[in-house]
Amino acid sequence: FRPGTYRAQNLSVPLVALIAVAILAKWFSPAVRVGLLCRGQTIQFPYRSAVLVHLAAMFVAALAPQNTGFGPATVAALSRLGVPVGRGIGVAVQIFVLDLIFFAWAVPASIGYLVYSDALELPPGARVVTFVTGCLAIVAAAALSRRPQLVVSLIFTVARWQFMARFASRLRKIARDYYRSARDFLKMPASYWLALHLATAAGWFGGFMLFWLLLMLYGVEAGLLATLAILSSITLVSHVVPTPGASGFMEAAVGLSIGANQGGGAAAAVLVWRLASFYVVFLLGPPAGWLLYL
């Protein structure tokens, strides 16, 4: 809390410009993904609407443990733009699938780099866990994308419950819309698939790059690849932490990963990074939700 802690050590115009680019990539690349998923399903709306959907969904996710509010908030936000609920569920599931694919290759590659570079020594048990986690992510992504019947069957099962009888016809329509959304997702051209994966990677790596740039700004020495690798692994684990946005865990885990001997510069980098990559959504989310409501 000392003002001197946040005094930049290596302030320069190029570094500030790169920090701005990383922030834009972190917050706006996922909106590109939302727009691409909708356009691939013949749902047209301007890019600014996709930005509002993403910011509103992230705001709700920041209020719920383990980001559980992101999917329902995405469906609700898309519904405000006239997207059928079934197709909105499809988009939310597809976003989850794209994130699974990203971590399925990024985390094993990160652990491999850390072990190869001697930056991290993993016991055999941890290597097995990492490999199994990557395999499970691939299996889950394949099941959700290639087998839309899984979600369709779940919706039909709910529609058959006695106390849901009054919503049965609507639920069956949602299931059919979801199935069409899943089929359209599989039929997207290669250019869309490439753009979707690039937008997903840009969103995650934008946040990771932002932290490394802030470390440079505050005079903390850290390798770029090692920083990206550590953040990829910590971010995956953070999804099972039962606090909104993994608050507390992320600050502690990232701070410890770069070493306590780095001094106040490390603390400044961690806190400013979390403010810019997570807590700022409490300022951006409510206006976005209000604009969608209007």
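Just above, that's the structure.
Quick notes on the rules
Residues numbered from 1 in each chain as written. Predicted model: local features only at pLDDT ≥ 70, side-chain atom pairs only at ≥ 80, totals over all residues. Heavy atoms only, no water. Helix = DSSP H or I, 4+ residues; strand = E, 2+ residues; numbered from the N terminus. Rg over C-alpha atoms; globule rule 2.2 N^0.38 Å. Contact = heavy atoms within 4.5 Å. Areas by Shrake-Rupley, 256 points an atom, 1.4 Å probe, with all protein chains shown as cover. Salt bridge = Lys/Arg side-chain N within 4 Å of Asp/Glu carboxyl O. Buried < 20%, exposed > 50% of the residue type's maximum accessible area, 1.4 Å probe, protein only. Expected span 1.5 Å × (residues − 1).

**Q** Go over the overall build of the chain, please, and point to the residues and values.
**A** Counting its secondary structure elements, the chain contains twelve helices and zero strands. In the chain, the order of α-helices and β-strands from amino to carboxyl end is α-α-α-α-α-α-α-α-α-α-α-α. Its C-alpha radius of gyration of 20 Å places the chain within 12% of the 19 Å reference for a compact globule of 294 residues. In terms of its C-alpha atoms, the chain occupies a principal-axis envelope of roughly 60 × 50 × 40 Å. Counted over contacts in the chain with a minimum sequence separation of 6, partners at least 24 positions apart contribute 73%. Accessible surface computed for the chain: about 15000 Å², of which carbon and sulfur atoms make up 70%.

**Q** Summarise the pattern of salt bridges; cite the residues concerned and give the values.
**A** Per the stated rule, a full pass over the model turns up five salt bridges. Between Arg180 and Asp177 there is a salt bridge; the shortest N-O distance is 2.9 Å. One end of the pair, Arg180, and the other, Asp177, are both in helix H7 (residues 168-186), three residues apart, so they sit about a helical turn from each other. Among the residues examined, Arg180 registers a relative accessible area of 41% and is labelled partly exposed. For Asp177, a relative accessible area of 9% corresponds to the buried category.

**Q** Give me the lowdown on unusual backbone geometry, citing residues and values where you can.
**A** For Thr42, which is not glycine, the phi dihedral falls at a positive 55 degrees. The topology assignment puts Thr42 in the loop between helix H1 (13-39) and helix H2 (47-63). Within the chain, Ala246 stands out as a residue other than glycine whose phi angle is a positive 55 degrees. Among the residues examined, Ala246 registers a relative accessible area of 2% and is labelled buried.

**Q** A description of H7 should follow, citing residues and the corresponding values.
**A** When the terminal C-alpha atoms of H7 are compared, their 27 Å separation across 19 residues agrees well with the 27 Å that a helix rising 1.5 Å per residue should span. Buried within H7 are the following residues: Ala168, Leu171, Ile174, Ala175, Asp177, Tyr178, Ser181, Ala182 and Phe185.

**Q** For the environment of Asp118, give the residues involved together with the corresponding values.
**A** Looking at where Asp118 falls in the secondary structure, it is placed in the loop between helix H4 (85-116) and helix H5 (124-146). Here Asp118 falls in the exposed class, since its relative accessible area comes to 64%. Between the C-alpha atoms of Asp118 and Ser191, which are 73 residues apart in sequence, the distance is 38 Å.

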